[in-house]
Every structure is written in C-alpha cells, then in structure tokens.
Amino acid sequence: KAGVTQTPRYLIKTRGQQVTLSCSPISGHRSVSWYQQTPGQGLQFLFEYFSETQRNKGNFPGRFSGRQFSNSRSEMNVSTLELGDSALYLCASSLTGANIQYFGAGTRLSVL
Amino acid sequence: DAKTTQPTSMDCAEGRAANLPCNHSTISGNEYVYWYRQIHSQGPQYIIHGLKNNETNEMASLIITEDRKSSTLILPHATLRDTAVYYCIVRNSGGGADGLTFGKGTHLIIQP
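Cut-offs used in this document
Residues numbered from 1 in each chain as written. Chains lettered and ligands numbered in written order. Predicted model: local features only at pLDDT ≥ 70, side-chain atom pairs only at ≥ 80, totals over all residues. Heavy atoms only, no water. Contact = heavy atoms within 4.5 Å. Buried area = accessible area lost by both parts, 1.4 Å probe. Salt bridge = Lys/Arg side-chain N within 4 Å of Asp/Glu carboxyl O. Helix = DSSP H or I, 4+ residues; strand = E, 2+ residues; numbered from the N terminus. Nonpolar A, V, L, I, M, F, W, Y, C, P; charged D, E, K, R; others polar. 1 Å grid on protein atoms, 1.4 Å probe; cavity = no way out; pocket = protein on both sides within 12 Å on 5 of 7 lines; lining within 4 Å. Points joined across faces, edges and corners; volume = space filled by probe spheres on them. Buried < 20%, exposed > 50% of the residue type's maximum accessible area, 1.4 Å probe, protein only. Pairing = 2+ DSSP bridges. Disulfide = S-S within 2.5 Å. Axes fitted to C-alpha atoms, helices over the stretch in contact; angles between N-to-C directions.

Visitor: Would you mind going over the interface of chain A and chain B in detail, with residue names and values included?
Guide: Facing the 19 residues of chain A at the interface are 19 residues of chain B. For the pair chain A and chain B, the two sides together bury roughly 1500 Å², of which 53% comes from carbon and sulfur. When the buried surface of chain A facing chain B is broken down by residue, Leu43(A), Ile100(A) and Phe103(A) rank first, second and third, together holding 34% of it. For the interface between chain A and chain B, the tally reads zero salt bridges. Secondary-structure elements contributing two or more residues to the side of chain A that touches chain B are strand E4 (31–38), strand E5 (42–50), strand E6 (53–57) and strand E9 (87–94) of chain A. In terms of residue class, the side of chain A that touches chain B is made up of nine nonpolar, seven polar and three charged.

So this is what it looks like as structure tokens:
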C-alpha cells in the first residue's frame, strides 16, 4: 500500500505570495491532518479534514486554509506569505482521525 | 489531552536496549499513550500505542505502569538508525478531529 504522498517536497517563495501544498492520503483513509514544524515552535496542529469537512482547527491565522476533495486528497493554502511561515509542513492520514496517524515526508517551504 | 514530560536527550550504545521514559501523571481513563519518532527532517513515524496493558510489536515494547501515570518505550536492540527524536503523546480515544499534541520529545542518540 502506498504511503502518504506530499507534493512538492521543496518550495521557495517570496513574502506576500501565496502557496498551495498537496497531500494524498493512504488509500481508504478519510481523515487528513496538517501540521507545521519550525525549530522554535516544534510540531503544531493546523487543521483536520474528514469527508471534505474541516472538523478542527489549531491556533493559526486565517491566512492558513485547507480543503479536502471527494477522493480524500487534501490541499492547504497559505496566503500573503510571511518570513515566519518558513517551515516543514506535514500531512498525516488516518482511517477516521481517531486512529493511528501516518505522516508524509513533508513539504519544506522557504519564504524569502 | 494530558500533558507529558520526557527527558530532553538520552544516549544508548548500539546493540543495547534503549529505555525511554515518559511521565503522564494527569492521564485520564480513556486516554491512550502513543509513541512516534522523527528521524531528522522526515515525517514522524508511528511506533506503538497502548491503554493500560503492556504492548509489543516488531519495533518496540511499551510498558505502562499500573497507575498509568508513566510509561517506558523499549527498543530492544538499538541500531544507529534508531537515532531520532521520540515523542510520547497522550490522546483521547474519541479524539477523532483533534490533532496530535507534540511536546519537545527525547532526542535519542545511539552511539557506535
């Protein structure tokens, strides 16, 4: 079974731009969660989607948004990028959300 | 979710058992103990989880004290590839939409 796939692996953007990251969950998994990892704040939960609905959201500004498609694939979008948005963005999938979460390799975003 | 406390770092000789402690004194009855690890710049990897009984799988063993206020992850024969940050996470069994709350974890260094 293929694992969680995140694309792209690396991105370089400039301040003020927007970015879209993609996550394909493990086949059959309906829950997708997104996390941000920075050296200063560690791993922080962004939001979780299940059956195309956002069920929970972490403490991040509205510039961070996401969506989930009918095939469970998910995208997250960050608008008006700031230098502090430079981070490793991780996606995790699970059957229902209450189960084991399996993580992708992440997308490393650098904002210049 | 209950808070966890782990040592910041630990060393272990290659081939020996690595024992990683975790304190979760405020754990409640329906909260599981999960362990994940993160090898440098990769996504976190699920290791094992348990409620109150000791658990073993192909990667590790999890020993939970009778009062459930602490646990120990055991890697029976550590190799250099086990060098990683290990996270102990306590999670509500019904927490489908809640993200995982990662602390700072234990940086385990396996010495040759």
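Visitor: Give me the layout of surface pockets: which residues, what numbers.
Guide: In this model, the largest pocket occupies a volume close to 480 Å³. Together, 20 residues line the largest pocket, and Gln37(A), Thr38(A), Pro39(A), Gln38(B) and Tyr87(B) are the ones closest to its centre. With three residues, the single largest contributor to the lining of the largest pocket is E5(A). Tallied by class, residues from the lining of the largest pocket come to seven nonpolar, eleven polar and two charged.

Visitor: Describe the pairing of strand E9 (residues 106–111) of chain B, listing the residues and the values that go with them.
Guide: Residues and elements named next belong to chain B. Here E9 shows one buried face, formed by Thr106, Leu108 and Ile110, and one open face, formed by His107, Ile109 and Gln111. As paired elements, strand E1 (residues 9–13) and E9 share five bridges and run parallel to each other. Across the sheet, the residue bridging to Ala13 is Gln111, located in E9. Of the pairings in the sheet, the one linking strand E8 (residues 84–92) to E9 comprises three bridges and is antiparallel in character. When the bridges of E9 are listed, Tyr86 appears paired with Thr106.

Visitor: Quick one: what's the story with the state of the cysteines, residue by residue and with numbers?
Guide: Per the counting criterion, the structure on display carries two disulfides over all chains. Bridging Cys23(A) to Cys91(A), the disulfide has an S-S length of 1.7 Å. Because the torsion about its S-S bond is -45 degrees, the bridge between Cys23(A) and Cys91(A) counts as left-handed. Of the two residues, Cys23(A) sits in strand E3 (residues 19–24) while Cys91(A) sits in strand E9, which places them 68 residues apart along the sequence. Here Cys23(A) and Cys91(A) have matching classes, each one buried. Here Cys22(B) pairs with Cys88(B) through a disulfide, and the sulfurs are 2.1 Å apart. Across the disulfide from Cys22(B) to Cys88(B), rotation about the S-S bond amounts to roughly -80 degrees, and the bridge is consequently left-handed. In this pair, Cys22(B) is assigned in strand E2 (residues 18–23) and Cys88(B) in strand E8, connecting sequence segments 66 residues apart. Judged by relative accessible area, Cys22(B) falls into the buried class, the value being 2%.

Visitor: Give me the sheet that holds E1(B): which residues, what numbers.
Guide: Residues and elements named next belong to chain B. Pairing in this open sheet of five strands is mixed, and the strands run E1-E9-E8-E3-E4 from one edge to the other. Of all strands in the sheet, those with a lone pairing partner are E1 and strand E4 (45–50), marking the two edges. This sheet shows a mean twist of 25 degrees between the axes of neighbouring strands, independent of strand direction. In this sheet, E4 lies alongside strand E3 (residues 31–38) in antiparallel orientation, the contact comprising five bridges. Along E4, the bridge assignment pairs Tyr34 with His49.

Visitor: Residue-level account of the environment of Ala18(B), with values.
Guide: Structurally, Ala18(B) is set in strand E2. Considering only alpha carbons, one finds Ala18(B) and Leu73(B), 55 residues apart in sequence, at a separation of 7.9 Å.

Visitor: Break down the pattern of salt bridges for me, with residues and values.
Guide: Residue and element names in this part refer to chain A. By the definition in use, this model includes six salt bridges over all chains. Two residues, Arg55 and Glu48, come together in a salt bridge whose shortest N-O distance is 2.7 Å. Looking at Glu48, the relative accessible area reads 0%, which means it is buried. Among the charged side chains, a network of salt bridges with common partners joins Arg63, Glu82 and Asp85.

Any functional reading would require information beyond the geometric quantities listed.
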